[in-house]
Amino acid sequence: MKKYFWLMAAVLISSMSLTACGGDDDDDSTTPSKPQGSSTYNITASATFDKELAKFGYLEVSYDYKGKTETFQLKQGDASDKLPTANNFATKMAQTFSQAGVDYSGDNFIVRNVELKNVDNNVDVVFKSKFVMYEDRPTPDTKLNIATPAVIGFAESTDGFIEFNTEILFSIGINPDKFENWLQSLAKREYTTTFTRGN
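Now for a quick tour of the structure. Here the structure is a predicted model, which is why all the values come from computation and not from measurement.

## Focus: unusual backbone geometry
And step 1. A positive phi angle, close to 55 degrees, is found at Lys66, a residue other than glycine.
And step 2. For Asn88, which is not glycine, the phi torsion reads 65 degrees and is therefore positive.
And step 3. Here Asn88 lies in the loop between strand 5 (68-74) and helix 1 (89-100).

Written out as structure tokens, the structure reads:
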């Protein structure tokens, strides 16, 4: 039976919160407490746009920072950044792809990195992303595997606090006769990723 389905590609590690150990106790809680030594944190965000999906439209991303809205687009043929490698982030993404059972790497995406420094601890930064279809777009003749556009990344402070956002959804084996409906459904959604310093 030919069906396509969603796979959650970061069931175990999406939005995982980690905090550096300050002693030798056995407390294994993953709920971070806000350290007192720093009043700011840094964000490294990566907008990821599947190169296969880029044949059918473009990705629009926006975020608010220090009272100003920043926007950018990702399109087929755009130069791509590399996914960050700091704090084991690349390893976590490889685990994400492996758990989803897909043969993906950072090279499958058009990536745009955004670095925000010295964000106030009390401020959350929300990235919004939306897929916009081209009016003239090809019609696939084979089943496709496509990753949903996402903004992933991590927030960190000098105190050792790190919060990872690594959630990517995959559609596996989309049939050509179902593809147009799938594409239009995708274009109706807006995805958000929130980076926070935590409590």
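## Brief notes about the side chain of Ser157
And step 1. When you line up the elements, Ser157 lands in the loop between strand 9 (150-156) and strand 10 (162-165).
And step 2. There is a polar contact of 3.2 Å between the side chain of Ser157 and the side chain of Arg197.
And step 3. Residues within four places of Ser157 in sequence aside, it is in contact with Thr40, Tyr41 and Arg197.

## Observations concerning the nonpolar core
And step 1. Ile43, Leu116 and Phe127 are the most contacted members of the largest nonpolar core, which totals 33 residues.
And step 2. In this view, Ile43 contacts Val114, Glu115, Leu116, Val119, Val125, Phe154, Ala155 and Phe195; residues no more than four positions away in its chain are not counted.
And step 3. Of all hydrophobic cores here, the second largest spans 18 residues; its members include Phe89, Ala100, Tyr104 and Phe170.

## A look at helix 2 (residues 176-187)
Residues spaced three or four apart along an α-helix face the same direction, because each turn holds 3.6 residues.
And step 1. Over its 12 residues, helix 2 runs 17 Å from end to end, which matches the ideal 16 Å to within 8%, given 1.5 Å per residue.
And step 2. Of all the positions in helix 2, only Phe179, Trp182, Leu183, Leu186 and Ala187 are classed as buried. When helix 2 is viewed along its axis, its buried side chains cluster within an angular range of 130 degrees and face the same direction. Turned more than 90 degrees off the buried face of helix 2, the exposed positions are Asp177 and Asn181.

## Focus on the pairing of strand 7 (residues 125-133)
One face of the sheet, then the other: side chains in a regular strand alternate in exactly this way.
And step 1. In this sheet, strand 7 lies alongside strand 4 (residues 57-65) in antiparallel orientation, the contact comprising 7 bridges. Looking across to strand 7, one finds that Tyr58 is bridged to Val132.
And step 2. One ladder, built from 5 bridges, connects strand 7 with strand 12 (residues 191-195); its direction is antiparallel. Across the sheet, the residue bridging to Ser129 is Tyr191, located in strand 12.

## Considering the pattern of salt bridges
And step 1. In the structure shown here, the tally under the stated rule is 6 salt bridges.
And step 2. The partner of Lys55 in a salt bridge is Glu52, and the shortest N-O contact between them spans 3.2 Å.
And step 3. Residue class for Glu52 comes out partly exposed when judged on its relative accessible area of 25%.

## Concerning the packing of aromatic side chains
And step 1. Applying the stated criterion across every chain, the model contains 13 aromatic pairs.
And step 2. Between Phe89 and Phe154 the ring centres are 5.6 Å apart and the planes differ by 55 degrees, which places this aromatic pair in the tilted class. With Phe89 in helix 1 and Phe154 in strand 9, the pair connects residues that are 65 residues apart, well separated along the chain.
And step 3. With a relative accessible area of 0%, Phe89 lands in the buried category.
And step 4. Residue Phe154 is classed as buried on the basis of its relative accessible area, which comes to 2%.
And step 5. Taken together, Phe97, Tyr104, Phe109 and Phe170 form an aromatic cluster joined through their ring pairs.
And step 6. Note that Lys75 overlies the ring of Tyr58, its terminal NZ or CZ placed 5.2 Å from the centroid.
And step 7. The side chain of Arg197 reaches across the aromatic face of Phe161, ending 4.6 Å from its centre.

## Observations concerning the sheet that holds strand 12
And step 1. Pairing is antiparallel in the open sheet, where 4 strands are placed in the order 5-4-7-12. Only two strands of the sheet have a single neighbouring strand rather than two, namely strand 5 and strand 12. Between one strand axis and the next, the sheet turns by 20 degrees as a mean value, whatever way the strands run.
And step 2. The pairing of strand 4 with strand 5 spans 7 bridges and is antiparallel. Bridging across to strand 5, Leu59 finds its partner in Leu74.
And step 3. Its contacts with the sheet place helix 2 against strand 7 and strand 12, and it is angled at close to 145 degrees to strand 7.

What counts and how
Residues numbered from 1 in each chain as written. Predicted model: local features only at pLDDT ≥ 70, side-chain atom pairs only at ≥ 80, totals over all residues. Heavy atoms only, no water. Helix = DSSP H or I, 4+ residues; strand = E, 2+ residues; numbered from the N terminus. Polar contact = N/O pair within 3.5 Å; in protein donor to acceptor, adjacent residues only side chain to side chain. Contact = heavy atoms within 4.5 Å. Core = buried A, V, L, I, M, F, W, Y, C linked by side-chain atoms within 4.5 Å. Buried < 20%, exposed > 50% of the residue type's maximum accessible area, 1.4 Å probe, protein only. Expected span 1.5 Å × (residues − 1). Arc of directions from axis to C-beta. Pairing = 2+ DSSP bridges. Salt bridge = Lys/Arg side-chain N within 4 Å of Asp/Glu carboxyl O. Phe/Tyr/Trp six-rings, centres within 6.5 Å; stacked < 30°, edge-to-face > 60°. Lys NZ or Arg CZ within 6 Å of the ring centre and 35° of its normal. Axes fitted to C-alpha atoms, helices over the stretch in contact; angles between N-to-C directions.

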